[in-house]
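If you want the building blocks of each chain, they are given just below.
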Amino acid sequence: MRERMKPKDYKSGIPPVWCAGCGNYGALSAIYRALAALQIDPANLVNVSGIGCSSRMPYFLKAYKMHTLHGRAGPIATGLQLARPDLKVLVTGGDGDGFSIGGGHMPHLGRSNVNLTYVLMDNHIYGLTKGQFSPTSRREMKSYTTPYGGIEEPMRPLLYMLTYGASYVAQAYAGNAIMSAELIKGGLEHQGMAYIHLLSQCPTFNKMDTADYFKSIIKEIPASHDTSDLRKAMRLIYKFKDKEPVGLLYQTRRPTLDECMAGLVEQAGGSKEYDIHKIIDLARP
Ligand SMILES: Cc1ncc(C[n+]2csc(CCOP(=O)(O)OP(=O)(O)O)c2C)c(N)n1
Ligand code: SF4
């Protein structure tokens, strides 16, 4: 590691492959800034992703990395975090990856309070597969798979993550790299499951939810908001009606999955000297 890491020192040397104007550039720049602000050693950082445009993130970061399967970054990152709790685990992916195919894993990342930081880039569409309706698409969006508009309501990722028990929940517009970096930094410092939702435009396939649209729907959370109050965090989402709250909604400290596992091992008297015959003997008639 260099003596003083600057944001650009976290570049891998592989140039991003995203389209011009893609919101994911803002997310990448925010991640570089957050890593530099915390002086995270790339040798202790692992970026795990699923599949999609946003899931290409690890290629562009100086870190250990895994580009896994669609929707499976969460469980793979959980295994990694439990095996090596000394590493910083960063998960990156899209709205389809996280809340469609990966939707079965999200609740358990939250309720187990896995010690990782999840940055989800939400462009309200499937980008890499050329523009299909996603779980966050607005009903009126005419997409490749919805030529007459959608027939389902969009889900509310922040409300879901608060309900699932994530212990740090924040949102920003990816175009605001300073705010996004600040929230990602908070997530990386946080002990527990940190979820950062970044609204990120896809100018190539989502012609409706443009950068200007995202800018027009966000509203900053007032400084007076009590981030330790779960009910208030949930209420913010309804209080802002059609607007999306940006900033930190909620943060709490409770035991993480790896802490609970370490506690179990201790309760059982440690694992190193454990006599396997004790388990085999249990099965004797
Ligand atoms: C099991 C499986 N199903 C479907 C696909 C096809 N596929 C690739 S990327 C993708 C979705 C991409 O959308 P999103 O996760 O929102 O990310 P974005 O590209 O918009 O960043 C899908 C369905 C796949 N790779 N694997
Ligand atoms: S298709 Fe959309 S999400 Fe994918 S790189 Fe291009 S602009 Fe970004």
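As shown above, the structure is provided for reference.
The structure contained in this document is the topic of the report that follows. What you are looking at is a predicted structure, and each value in this text was computed from that prediction instead of being measured. (Residues numbered from 1 in each chain as written. Chains lettered and ligands numbered in written order. Predicted model: local features only at pLDDT ≥ 70, side-chain atom pairs only at ≥ 80, totals over all residues. Heavy atoms only, no water.)

In the region of ligand 1, 16 residues are neighbours, and Cys53, Ser54, Gly96, Asp97 and Gly127 sit closest. A distance of 2.7 Å separates an oxygen atom of ligand 1 from a polar atom in the backbone of Cys53. Contact between ligand 1 and Asn123: an oxygen atom at 2.9 Å from a side-chain N or O atom of the residue. The protein chains hide 73% of the 590 Å² of surface that ligand 1 would expose on its own. Looking at the shell around ligand 1, its residues break down into six nonpolar, eight polar and two charged. (Near = heavy atom within 4 Å. Polar contact = N/O pair within 3.5 Å; in protein donor to acceptor, adjacent residues only side chain to side chain. Areas by Shrake-Rupley, 256 points an atom, 1.4 Å probe, with all protein chains shown as cover. Nonpolar A, V, L, I, M, F, W, Y, C, P; charged D, E, K, R; others polar.)

Here we take up empty space enclosed by the protein. Inspection of every chain in the model, using the stated rule, returns one cavity of 30 Å³ or more. At the level of elements, helix H2 (73-83), helix H3 (95-101) and helix H4 (106-112) are the ones that each hand at least two residues to the lining of the largest cavity. Of all the elements, H2 adds the most residues to the lining of the largest cavity, at three residues. Partitioned by chemical class, the residues of the lining of the largest cavity number five nonpolar, five polar and one charged. (1 Å grid on protein atoms, 1.4 Å probe; cavity = no way out; pocket = protein on both sides within 12 Å on 5 of 7 lines; lining within 4 Å. Points joined across faces, edges and corners; volume = space filled by probe spheres on them. Helix = DSSP H or I, 4+ residues; strand = E, 2+ residues; numbered from the N terminus.)

With 14 residues, helix H1 (residues 24-37) should cover 20 Å at 1.5 Å per step; its first-to-last C-alpha distance of 20 Å lies within 8% of that length. A large share of H1 lies buried, amounting to ten of its 14 residues. Those residues of H1 that are buried lie in contact with strand E1 (45-49), strand E3 (88-94), strand E4 (117-122), helix H6 (177-189) and strand E6 (194-199). Directly after H1, the chain includes Gln39, whose backbone phi takes a positive value near 50°. (Expected span 1.5 Å × (residues − 1). Buried < 20%, exposed > 50% of the residue type's maximum accessible area, 1.4 Å probe, protein only. Contact = heavy atoms within 4.5 Å.)

The final tally for this structure, using the stated rule, is eight aromatic pairs. Ring plane angle 80° and centroid distance 5.0 Å describe the contact between Trp18 and Phe60, whose orientation is recorded as edge-to-face. Linking Trp18 in the segment before H1 with Phe60 in the loop between E1 and strand E2 (64-67), this pair joins segments that are 42 residues apart in sequence. Each member of the pair, Trp18 as well as Phe60, carries the same accessibility label: buried. Aromatic side chains Phe99 and Tyr195 sit 6.2 Å apart centroid to centroid with 80° between the ring planes, which places their arrangement in the edge-to-face category. One end of the pair, Phe99, is in helix H3; the other, Tyr195, is in strand E6, with 96 residues separating them in the sequence. According to the relative accessible area criterion, Phe99 is buried, its value standing at 9%. (Phe/Tyr/Trp six-rings, centres within 6.5 Å; stacked < 30°, edge-to-face > 60°.)

This is a description of form; function is not addressed.
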